[in-house]
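Okay, here's what each chain looks like letter by letter:
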Amino acid sequence: MIVVLLGPPGCGKGTQGERLAAALGVPKISTGDVIRAAIKAETPLGLEARAYYDRGDLVPDPLILGIMREALAAPEQARGVILDGVVRTVPQAEGLAKVLEGLARPLDLVLLFEIADEELVKRLSGRTVCSACGTPATGRAPGELHAECKASPKGHFVRRKDDEPDAIRNRLEVYEQQTAPVIAWYRAHGDRLTAIDATGTMDVIEARVRRAAGIG
Ligand code: AMP
């Protein structure tokens, strides 16, 4: 099963994507994670992506399409994959459609997470992530040790650069301008788009996600 998770920053698609991937027994690819790892390792992709990432701007489509093409061709995706954070522009939606056509694989579901802006700002400004394993958390102050971290040495909680207030505002604007048109694009290209309410507890949202994916 190939699933695209669509929704504004902070809507919870990363966390729910992990749960859905585990339930379906397929991997999850997060372009944001790929980019963060590339920035940390200072690879050519990371060096090119860094300035966009830090401002909360989208990384150019050709870089994203390269990541997507490589990831979808990997043998471990044969049973399916959850795509988290991609697609975010209409050219990316068109690019994904072409890649899947080339692989003769269908896109089964586009899951849209709907949530109000005020709730997103609250979530993103209260979020920290583990510096070593990337696990997101709320209510954990920057600098606090991530005692449950499985990496060695254990990480500590840090604020993501793109979760600073200016970058959050920019990311929400970028979503409205560049990603929201993707919703109309999918509506015009088949009926695989299903919207779910992304407010409530993790478990309540997970139940909605499972129903939408036909496994609940
Ligand atoms: P995320 O972790 O999904 O919130 O992504 C964090 C940042 O990575 C975004 O603000 C962009 O700078 C970059 N990024 C991730 N996925 C994409 C994408 N599909 N297209 C463009 N930029 C992306």
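Residues numbered from 1 in each chain as written. Predicted model: local features only at pLDDT ≥ 70, side-chain atom pairs only at ≥ 80, totals over all residues. Heavy atoms only, no water.

**Student:** So what about the nonpolar core? Which residues, and what values?
**Tutor:** Within the largest apolar cluster, 33 residues are counted, with the highest numbers of intra-cluster contacts made by Ile35, Leu83, Val87, Leu96, Leu107 and Tyr186. Sorting the residues of this core by element identifies strand 1 (2-6), helix 2 (31-41), helix 3 (44-55), helix 4 (61-73), strand 3 (81-84), helix 5 (90-102), strand 4 (109-114) and helix 7 (165-188) as the ones contributing at least two each. Ignoring anything within four residues of it in the chain, the contact list for Leu107 reads Ile2, Val4, Leu96, Leu100, Tyr186 and Arg192. Counting residues in hydrophobic clusters, the runner-up holds 21 residues, among them Leu5, Cys11, Leu111 and Ile205. (Core = buried A, V, L, I, M, F, W, Y, C linked by side-chain atoms within 4.5 Å. Buried < 20%, exposed > 50% of the residue type's maximum accessible area, 1.4 Å probe, protein only. Helix = DSSP H or I, 4+ residues; strand = E, 2+ residues; numbered from the N terminus. Contact = heavy atoms within 4.5 Å.)

**Student:** Just give me the short version of the pairing of strand 1, but keep the residues and values in it.
**Tutor:** In terms of burial, strand 1 is largely enclosed, as five of its five residues are buried. As judged from the four bridges shared by strand 1 and strand 3, these two strands associate in the parallel manner. Opposite Leu5, over in strand 3, you have Asp84 as the bridge partner. Where strand 1 lies against strand 4, four bridges are found, and the strand directions are parallel. (Pairing = 2+ DSSP bridges.)

**Student:** So, the site of the ligand: which residues are in play, and what are the values?
**Tutor:** Around the ligand, the structure places 16 residues, and the nearest of them are Thr31, Asp57, Gly85, Arg88 and Gln92. One nitrogen or oxygen atom from the side chain of Arg88 is found 2.9 Å from an oxygen atom belonging to the ligand. Between the ligand and Gln92, the relevant distance is 2.9 Å, taken from a nitrogen atom to a side-chain nitrogen or oxygen of the residue. Contact with the protein chains removes 96% of the 480 Å² of surface that the ligand exposes when unbound. Along the lines of polarity and charge, the residues of the shell around the ligand split into six nonpolar, four polar and six charged. (Near = heavy atom within 4 Å. Polar contact = N/O pair within 3.5 Å; in protein donor to acceptor, adjacent residues only side chain to side chain. Areas by Shrake-Rupley, 256 points an atom, 1.4 Å probe, with all protein chains shown as cover. Nonpolar A, V, L, I, M, F, W, Y, C, P; charged D, E, K, R; others polar.)

**Student:** Tell me about the packing of aromatic side chains, and name the residues and values.
**Tutor:** Under the criterion given, the structure shown has one aromatic pair. Here the aromatic rings of Trp185 and Tyr186 are separated by 5.1 Å at their centres, their planes lie at 85°, and the arrangement is edge-to-face. Each member of the pair, Trp185 as well as Tyr186, carries the same accessibility label: buried. (Phe/Tyr/Trp six-rings, centres within 6.5 Å; stacked < 30°, edge-to-face > 60°.)

**Student:** Break down unusual backbone geometry for me, citing the residues and quoting the values.
**Tutor:** Cis geometry is adopted by the peptide bond preceding Val87, which originates at Val86 and carries an omega value of 25°. For Val87, the location among the structural elements is in the loop between strand 3 and helix 5. A positive phi is found at Glu42, a non-glycine position, where the angle reads about 55°. Taking relative accessible area as the criterion, Glu42 reaches 53% and is therefore assigned exposed. Even without being a glycine, Ala104 presents a positive backbone phi close to 55°.

**Student:** How would you explain the pattern of salt bridges if you had to name every residue and give the values?
**Tutor:** By the definition in use, this model includes 17 salt bridges. Its salt-bridge partner being Asp162, residue Arg171 comes within 3.6 Å of it at the nearest N-O pair. Accessibility expressed as a relative area gives 4% for Asp162, which makes it buried. Between Glu206 and Arg210 there is a salt bridge, with the nearest N and O atoms lying 3.3 Å from each other. Note that Glu206 and Arg210 are positioned in helix 8 (residues 202-212) at a spacing of four residues, about one turn of the helix. Because the salt bridges share partners, they merge into one network encompassing Arg127, Arg160, Asp162, Asp163 and Arg171. (Salt bridge = Lys/Arg side-chain N within 4 Å of Asp/Glu carboxyl O.)

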